[in-house]
Amino acid sequence: MHIGQYISGFAHAGLIGWVMFGGAFRADPPPLEVTGVSVITTEEFEAVLKAQEAPTPSTDVAVPVIPEAEIETPAVTSRADAPVDVPTPTEAEAGEPDATPDLSDLTAPEPQDVTDEAPVLPTPEVDTAVVIPERSLRPVPRPVPRVAPEPVAQPKPDTTISDELQEAIKPDESGKAAEEPKEETSPEAASSEIVTEPKEADAPAASAAPSRSVRPRVRPATRPEPSKGTDAAVAAALAEASSESSTPAAPSGPPLTSGEKDGLRVSVQQCWVVDVGSRAADVTVTVGFSLDQSGKVQGDIRLVNATGGDESAVQTAYQSARRAVLRCQKTGYELPIEKYDHWRDVEITFNPEKMRRK
Amino acid sequence: MIRLLATLLMASMMLGQMALAQNGPLRIEITEGVIEPLPFAVPDFVAESQGSNQISKDLSRVIAEDLSGTGLFREIPASAHISTITHFGSPVQFADWKAINAQALVTGGVTVSGNNLEVKFRVWDVFAGQELGNGLRFKGTVDGWRRMAHKVADAVYSRITGEGGYFDSRVVYVSETGPKNDRKKRLAIMDYDGANLQYLTDSSAIVLAPRFSPTGDRVLYTSYETGFPQIYVVDVGSVRKKALSNDTGSMSFAPRFSPDGKSVLMSVTEGGNADLFRMDIASGKRQRLTNGPSIETAPSYSPDGSKIVFESDRSGTQQLYIMGSNGGEATRISFGQGRYGTPVWSPRGDLIAFTKQNKGRFHIGVMRTDGSDERLLTSSFLDEGPTWAPNGRVIMFTRETRGAEGVSVLYSVDVSGRNLKRVRLNGGGSDPSWSPLQ
């Protein structure tokens, strides 16, 4: 018990003595920073002060525009700025004006004849992927129907358009007229309603133009005379066979490009409203219809095929598809008129499989 | 040589076929459409008798609200209409309705004679320029004009979507008033849109989990009237109740009618273990359907009555199982993360709605009957207790907000996950059950 206290006492006394006299916690003195001092004369000191004087303020200083950008604070350095040499401004001599350029060598391009013909654009390949669907310009603008409370028949070609109906008063053969001669006037032709869809009864009278171009006639088969031998008979048989194999309903002209097809597809799909929670969303329907040359639906839209769903769901899917086709036709789908044979009859399949996942 | 000639012949025949194929109609496939409400117009129905002016306007408004409330239709306001319908039999000026992009048009006429009300209407596909189906005429009383409006809306919905409607239906639920620590609960019944509220019980005893019968004339529910949870049935018309189970030695809860309405599925707890039973309502006899140490509860029949879906913790966590209507081997159908409960078979038979708890959030979801194609429709602090609309298109459920001041209210959501909206209620509510069409 006492031995321990003794050992502890000695140890503490030793430690205190070592701290006091041994310099255990004495740190090395910090290094002194030595700076050289030079003795200068009063004249030199005045010269230094004069050099540091601020320049005379000038009133002709443009107000600096405060920059919007954040100004970075420059790093502070211990080095003193060097005295700035202010050079004496010298008046600048006016330079000689620039020499007028010699334009004699330049010749204006000769004006070219402007024609109404559209430039011939290179036809893209059928398989070229396009983002924007190609649309062919419609060559003939459609007449805008005029609507009036009372329908007015088409006036004669020489009739002047006026609000009032007035018959022409012409001098008779003798050159005299009972009244002052007047020009025949008539109101502009109008209809009491906008006919949005051709009626069946009006269909034949709607246009006297043929709906399709007449195909060139096939040359009549030349029947050989019996006296010309076997070769001629074989040739005649071949000619007859070739004429029978021709298909009169084949469309003429190049087929629609993928861009043109995409144009029609995009036009219809933006009107196709899909109810993804309904049973009709399980049905894929194909509808068929005919278009007239202005791109409008002619007649009924018929259900061609349907897969999935019960009868009620099929009917709903068909109605939705029909609405899409009819709603988005507006004034007619924009398709190239020169390829009408290729898009006269259309079948569109509405497949909602991807939509169901949304 | 002969092979070469045959190959050339085949190739030429194929080319010929391809050439012929190009001569057919232009064929296009569309796989992308738009998901947006269908614009429709319901001009005020024509008042065809004196005293029917107001009711014709009110009818039109309820029909429009029913259709717009589905999220599938968007009403074009009357201020945008170009045409007015002055006679029910007048031809429709389709161009005027096309001009405002109305894709469907509902026209109608109303005749009031004493307390008798007659409503007739037609639905038009504007862009096809033809009527959808034939005109219909409903007769009833002036008092029931709202039901008449719901019936017209159901018919319109059905003509356009090809599916049955759900507007002429009711919802029974637990009405909740007061703070969380002293909440008064009683059974309430209302139209699907919150109108015509009526209470079936008082707030003297805690009531839970009301369930409509397949014909909508009775309601099953669980009550703590005796201190133990027991199952009662109440007649909706007369509001008379009767205890179906009165066994003081056990607790019975989570009842649900069979599709024929003659028996009741329920969960009964005996000795701390809950199993599924079927009770014949007429005789009161019970048949055990499950027998195991795990907790089986929340049974629900398939529409044809051949199968039962229920929740069980037999695998260690709460999951969904399907078994035959007489019990037997059960097949687990839920395998996702979290716990699944309160399964309800869709009236269509193709989906099962459920409550899912995962990572501290509750969800209402649907999956196919084999457990595939699971989709979560909602997410919140507490969503639970789904019930199907009679057409299997909409799900109603309870949503409770967080905290001591939190309240329970009813929400509905389309089966596609769209059109989530709060149900118009007088106060709080929970545990909804949707009736069949009336």
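Definitions and cut-offs
- Residues numbered from 1 in each chain as written.
- Chains lettered and ligands numbered in written order.
- Predicted model: local features only at pLDDT ≥ 70, side-chain atom pairs only at ≥ 80, totals over all residues.
- Helix = DSSP H or I, 4+ residues; strand = E, 2+ residues; numbered from the N terminus.
- Buried ≥ 20, exposed ≤ 12 C-beta atoms within 10 Å, placed from the backbone.
- Contact = placed C-beta atoms within 7 Å.
- Pairing = 2+ DSSP bridges.
- Axes fitted to C-alpha atoms, helices over the stretch in contact; angles between N-to-C directions.
- Core = buried A, V, L, I, M, F, W, Y, C linked by C-beta atoms within 7 Å.
- Domains from an automatic or database assignment.
- Parallel < 35°, antiparallel > 145°, perpendicular 65-115°, else oblique.
- Left-handed = near helix turned anticlockwise from the far one by under 90°.
- Nonpolar A, V, L, I, M, F, W, Y, C, P; charged D, E, K, R; others polar.
- Expected span 1.5 Å × (residues − 1).
- pLDDT = per-residue confidence, 0-100.

**Student:** Run through the overall build of chain A, naming residues and quoting values.
**Tutor:** Helices and strands together make up the secondary structure of chain A, namely eight helices and five strands. Listing each helix as α and each strand as β along chain A from the N terminus yields α-α-β-β-α-α-α-β-β-α-α-β-α. Across the 358 residues of chain A, 13% fall into the buried class. At a minimum sequence separation of 6, the contacts of chain A that also span at least 24 residues come to 72%.

**Student:** Lay out the overall build of chain B with the relevant residues and their values.
**Tutor:** In terms of regular secondary structure, chain B is built from four helices and 32 strands. Within chain B, the proportion of its 438 residues that are buried is 44%. Looking at chain B alone, contacts between residues at least 24 apart form 43% of all its contacts between residues at least 6 apart.

**Student:** Explain the sheet that holds strand β4 (residues 297–307) of chain A to me, and be specific about the residues and the numbers.
**Tutor:** As summarised here, the arrangement of the four strands in space is β4(A)-β3(A)-β5(A)-β1(B), forming an open sheet in which the pairing is mixed. One side of each edge strand has no neighbouring strand; the edge strands of this open sheet are β4 of chain A together with β1 (26–30) of chain B. Across the sheet, the mean angle from the axis of one strand to that of its neighbour is 20 degrees, orientation sign disregarded. With seven bridges joining them, strand β3 (residues 284–291) of chain A and β4(A) adopt antiparallel strand pairing. Counterpart to L291(A) in the pairing with β4(A) is V297(A). Those strands touched by helix α5 (residues 258–269) of chain A are β5 (345–350) of chain A together with β1 of chain B, and its axis lies near 50 degrees from that of β1(B).

**Student:** Which residues make up the nonpolar core, and what are the values?
**Tutor:** One broad rule of soluble globular proteins: the nonpolar side chains tend to lie buried together. All names here are of chain B. Counting 131 residues, the largest nonpolar core has F40, L59, I63, V156 and I395 as its most contacted members. The leading source of residues in this core is helix α4 (residues 145–161), at nine residues. The residues that make up this core include at least three from each of domain 1 (37–161) and domain 2 (170–434). The contact partners of F40, leaving out residues within four places of it in the chain, are L67, F73, E75, I76, A102, Q103, A104, L105 and V106.

**Student:** Could you give me a rundown of the pairing of strand β5 (residues 104–113) of chain B, with the residues and numbers involved?
**Tutor:** Residue and element names in this part refer to chain B. Where burial is concerned, most of β5 is hidden: nine out of the 10 residues are buried. Both strand β2 (residues 38–41) and β5 contribute to a ladder of two bridges, which runs parallel. In the sheet register, F40 faces β5, and the bridge partner there is A104. Pairing analysis gives two bridges linking strand β3 (residues 46–47) to β5, with the strands arranged parallel. Bridge pairing in β5 places A47 opposite V110.

**Student:** Just give me the short version of the packing of helix α2 (residues 53–69) of chain B against α4(B), but keep the residues and values in it.
**Tutor:** Residues and elements named next belong to chain B. Interaxial distance between α2 and α4 falls to 9 Å at its minimum, and their mutual angle equals 45 degrees. The pairing of α2 with α4 is recorded here as oblique in orientation. The two elements α2 and α4 cross, and the hand of that crossing is right-handed. Only W145, R146, M148, A149, H150, V152, A153, V156 and Y157 of α4 make contact with α2, whose side of the interface consists of I55, D58, L59, V62, I63, D66 and L67. Of the residues in the contact of α2 with α4, the class split is 12 nonpolar, one polar and three charged.

**Student:** Account for α4(B), naming residues and giving values.
**Tutor:** All names here are of chain B. Taking 1.5 Å of rise per residue, 17 residues should cover 24 Å, and α4 covers 24 Å from first to last C-alpha, within 8% of that figure. The buried fraction of α4 amounts to 14 of the 17 residues, a majority that puts the element mostly inside the structure. Once α4 finishes, G162 follows within two positions and takes phi at roughly 80 degrees, a positive value.

**Student:** Hey, could you go over unusual backbone geometry for me, with residue numbers and the actual values?
**Tutor:** Residues and elements named next belong to chain B. For V239, which is not a glycine, the phi torsion comes out positive at approximately 60 degrees. Examined against the element boundaries, V239 turns out to sit in the loop between β14 (230–235) and β15 (241–243). Residues other than glycine seldom take positive phi values, yet T342 does so here, at roughly 40 degrees. The residue T342 is located in strand β24 (residues 339–345) in this model.

**Student:** Which residues make up the confidence of the model for chain B, and what are the values?
**Tutor:** Scored by pLDDT, chain B has a mean of 92; 95% of the residues are at 70 or more. Scoring the predicted complex yields pTM 0.66 and, for the interface, ipTM 0.83.

**Student:** How would you summarise the interface of chain A and chain B if you had to cite specific residues and measurements?
**Tutor:** With 47 residues of chain A in contact, the opposing surface of chain B contributes 28 residues. If you list the elements that add at least two residues to the side of chain A that touches chain B, you get α5, α6 (311–329), α7 (340–343), β5 and α8 (353–356) of chain A. Among the elements that take part in the side of chain A that touches chain B, α6(A) stands out by supplying nine residues, more than any other. As defined by bridge partners, β5(A) adjoins β1(B) across five bridges and the pair is classed as parallel. Across the sheet, F350(A) pairs through a bridge with I30(B), a residue of β1(B).

**Student:** Which residues make up the sheet that holds β14(B), and what values go with them?
**Tutor:** Residues and elements named next belong to chain B. In spatial order, the strands read β12-β13-β14-β15; together these four strands make up an open sheet with antiparallel pairing. Taken across any chain shown, the strands that pair with only one partner, and hence form the sheet edges, are β12 (207–212) and β15. On average, adjacent strands in this sheet sit at an angle of 25 degrees to one another, irrespective of strand direction.

**Student:** How would you explain the pairing of strand β28 (residues 383–388) of chain B if you had to name every residue and give the values?
**Tutor:** Burial analysis of β28(B) places six of its six residues in the buried class, which makes it a mostly covered element. If you look at the hairpin formed by β28(B) and strand β29 (residues 394–400) of chain B, you'll find five residues sitting between the two strands, and G392(B) has a positive phi there, around 70 degrees.

**Student:** Account for α6(A), with residues named and values stated.
**Tutor:** Residues and elements named next belong to chain A. Its 19 residues give α6 an end-to-end C-alpha distance of 27 Å, which sits within 8% of 27 Å, the value for a rise of 1.5 Å per residue. Along α6, 14 of the 19 residues are buried, which leaves the element largely enclosed by surrounding structure. Of the residues one or two after α6, K330 is the one with positive phi, at around 45 degrees.

**Student:** Quick rundown of the confidence of the model for chain A? Include the residues and the values.
**Tutor:** All names here are of chain A. Residues at a pLDDT of 70 or more form 35% of chain A, whose mean pLDDT is 65. Below pLDDT 50 for its whole length, residues 86–95 participates in one contact with residues either more than four positions away or in separate chains. Segment residues 195–210 is flagged for pLDDT under 50; beyond a separation of four residues in sequence, or across chains, it makes four contacts in the model.

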